[in-house]
Amino acid sequence: MAAPAAARRVWRFWGPRDGPSTLRAFSTIIPRVSQVDNSSDFLGNVPHRRHPGVLHLRSVRLPAELVKAAQLLVEQSTMHGLKDQVVALTNYLWSRKRPLEASELQRRGQQLEQQLREKVQPHTADASSPLTDAEKEKLQRRVLNRLRKTTYHWEALRYTDELSLVYMAARLDGGFAAVSRAFHEIQKRVPAFAPRTLLDFGSGTGSVSWAAHGAWGQTLREYLCVDSSAPMLTLAERLLQGGSESPQTPLFPGVYFRQFLPVSPKVKFDVVVSAFSLNELPSLAERRETIQTLWRKTDGFLGGDKVLHDPREAHVFAPCPHHLPCPRLNPERPLPCNYLQAYHPLPFHWNPALKEELFSFLILRRGPGEGEEPWPRITQAVLGCARHVHCHLCCADGSLQHAVITARRHGRDLYRCARLSHWGDRLPVTMPPGEADPEE
C-alpha cells in the first residue's frame, strides 16, 4: 500500500498539466545499459518483482511480544489524554531543528548590529563617531530582542517517566520500521554477515535491539543499549521483560543497559547504530566527536574516519552508490534524501491500520567495498506510464538521472524490473559515464 500512495504524491507534485509527454521531454533515456551480468537470463528463475535490486519491505510488523508489552505499559499508566500528548510530541519532534552553532549566532548578531546601528545613532552625528553608552545599551537590547524572535530556541529534551511513555507510544513502531528497513539492506546484500555484538547509542525504547534480534537473533550474543536518560532505559528494560512491573526473564537474552559508552578503545562491536539521536546533541563538534568515537568501536557496519588501531577505511554501503558529495545537497536547492517504509503501528485506538515512516539513513562499512555492484538507487516513487517507466536515480558517478525505460530500447526484463521497483530499491543497470545528461 505504500507504493501507490507515494506514486499519488509524485503525481500531485507534477500537477495535471505535466503529463507523461512533458515528463519524457525532461528525462534521459538510459543509453546501452548492461543488465547485471550482461546476459539475457540474469534473473534466472526469480520473478521480476524480486529482482536483485529489490530492497524495500512491503510492510513491517512489530514482534507480537513487543506489541503486547507496549500495550500493557499503557494500560498500567495513570496518564490522562495520552492521545493528545502523542500527537503533540510527534508534531514537535518532526518540527524540531538542530541548535544554532555559536559561530552562526555571532555572525547573525553582527549583521543585525550593522543594520540597526544607523537607526540607533542620531542622523545628525558623524557615522564614524563612537556611540554613547546609552546608544550602545539600546543597540544591544534591540539586537538581542531581534535574535530571540528570529532564532530557533533549542533545548535538550529531558525524558521523564511520563515523557518516555509518550515517546514509546509515538515513536516505537515508526523507529522500529526504519531500522528494520536498514538492517534488511545489510541482510539482503551481505547474507553471510553474522554479527555477534551490537552497540546502540541513544537506544531510547530499545527498538534497535528488537529489530536486530529479528534480523540476526541466531548469532547476536550481546546488545549494549546506551542512553543518557535513566527513565528511558528503565522503560526499555520493562519492554524487554514483557511490560511487567516486577523483574522477569527477558524475552531474549544478552541485552545490557548503560548510561555511558564503554571507555576502553579495545571494546568493539560488529554493528554500531545511532538512530534518531545524533541531532539531539547540542553542537556540530559534539556530533563529530561522537561519530568518531562510535566509529572507533565499529568492527563492521557504521562509518567515520581513519583510526590508528584499525586501518581499514570506511566506504559508503547505503544508500549512496558512490563516495562523492551528495548531489541532492545543492546549495541553491537542497533536497533531503528520504525513503518510505510502510508499517503496522501499535494497535492504539488513534492509529490507522497502516502508516508510513519517512526517514533518512546512512550505512558505512569498514573495508574497500570491492565487489559491490554500483547500481543506481531509486530516489523517488517509480511512475509507470503506457509502455515506459520513469525512474529518478542516484548514480555511481555522483549524478542524479531521470531515466525513461522502455521494453523496446532496454529489453523486456529491465523494463519489467523497473516497473515493479519501488522508492529505495536499486536498479540492476550500469550507467555508462558521460552518455546521459544530469537530471533537470
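Residues numbered from 1 in each chain as written. Predicted model: local features only at pLDDT ≥ 70, side-chain atom pairs only at ≥ 80, totals over all residues. Heavy atoms only, no water.

1. A few points about the side chain of aspartate 200
Put simply, the rule is: Under the scheme used here, helices are H or I runs from DSSP no shorter than 4 residues and strands are E runs no shorter than 2 residues, and both carry numbers assigned from the N terminus. Each residue is assigned to one of three classes by its accessible area relative to the maximum for its type, calculated with a 1.4 Å probe on protein chains only: buried under 20%, partly exposed between the two thresholds, exposed over 50%. Counted charges follow a simple rule, with Lys and Arg positive, Asp and Glu negative, and His plus the chain ends left uncounted. Definition used for salt bridges: Asp or Glu carboxyl oxygen within 4 Å of a side-chain nitrogen of Lys or Arg. Here, residues are in contact when the closest pair of their heavy atoms is within 4.5 Å.
Take aspartate 200: it is sitting in strand β4 (residues 197-201). Salt bridges are absent for the buried aspartate 200, whose nearest opposite-charge side chain, arginine 171, sits at 13 Å. When residues no more than four places from it in sequence are discounted, the contact partners of aspartate 200 are Val208, Leu224, Cys225, Val226 and Val273.

2. Some thoughts on the environment of glutamate 222
Note that glutamate 222 resides in strand β5 (residues 222-226). For glutamate 222, a relative accessible area of 28% gives the class partly exposed. Sequence separation between glutamate 222 and proline 253 is 31 residues; the distance between their C-alpha atoms is 8.0 Å. Once residues lying within four places of it in the same chain are set aside, the contact partners of glutamate 222 are Arg196, Thr197, Leu198, Gly254, Tyr256 and Phe269.

3. Describing the environment of glutamate 313
Along the polypeptide, glutamate 313 turns up in the loop between β8 (298-302) and β9 (314-318). Relative accessible area serves as the criterion here: at 46%, glutamate 313 is assigned to the partly exposed category.

4. Digging into empty space enclosed by the protein
Formally: Whether a set of points on the 1 Å grid over the protein atoms alone is a cavity depends on a 1.4 Å probe fitting there but being unable to get out, while an open set qualifies as a pocket with protein on both sides within 12 Å along at least five of seven lines; lining residues are those with an atom within 4 Å of a point. Grid points are joined across faces, edges and corners, and a volume is the space filled by probe spheres set on the points. In this count, Pro and Cys sit with the nonpolar residues alongside Ala, Val, Leu, Ile, Met, Phe, Trp and Tyr, while Asp, Glu, Lys and Arg are called charged and the others, Gly among them, polar.
What the rule picks out here adds up to two cavities of 30 Å³ or more. The space that makes up the largest cavity amounts to roughly 60 Å³. Lining the largest cavity are Pro319, Cys320, Cys326, Pro327, Arg328, Cys337, Tyr339, Arg377 and Cys394. Its residues assigned to classes, the lining of the largest cavity comprises seven nonpolar, no polar and two charged. When contributions to the lining of the second largest cavity are tallied by element, the ones reaching two or more residues are α8 (207-216), α9 (230-240) and β6 (255-258). Residue composition of the lining of the second largest cavity, by class: six nonpolar, three polar and no charged.

5. Observations concerning the pattern of salt bridges
Under the counting rule described, the total for this entry stands at nine salt bridges. Notably, a salt bridge pairs glutamate 280 with arginine 96, separated by 2.9 Å at the nearest N-O pair. With glutamate 280 in the loop between β7 (269-273) and α10 (284-296) and arginine 96 in the loop between α4 (82-95) and α5 (102-120), this residue pair connects regions lying 184 residues apart in the sequence. With a relative accessible area of 13%, arginine 96 lands in the buried category. We note a salt bridge from glutamate 104 to arginine 108, for which the minimum N-O separation is 3.2 Å. On the criterion of helical spacing, the pair formed by glutamate 104 and arginine 108 is a turn pair, its members being four residues apart in helix α5.

6. Describing the confidence of the model for the protein
Rules: What pLDDT reports is the predictor's confidence in each residue, on a scale of 0 through 100.
In this model, the protein carries a mean pLDDT of 83, and residues with pLDDT of at least 70 account for 82%. The low-confidence segment residues 1-27 (pLDDT under 50) makes 35 contacts with residues lying over four places distant or belonging to another chain. Predicted confidence is poor over residues 304-308, with pLDDT under 50, and the contacts of this stretch with residues over four places away or in other chains come to nine contacts.

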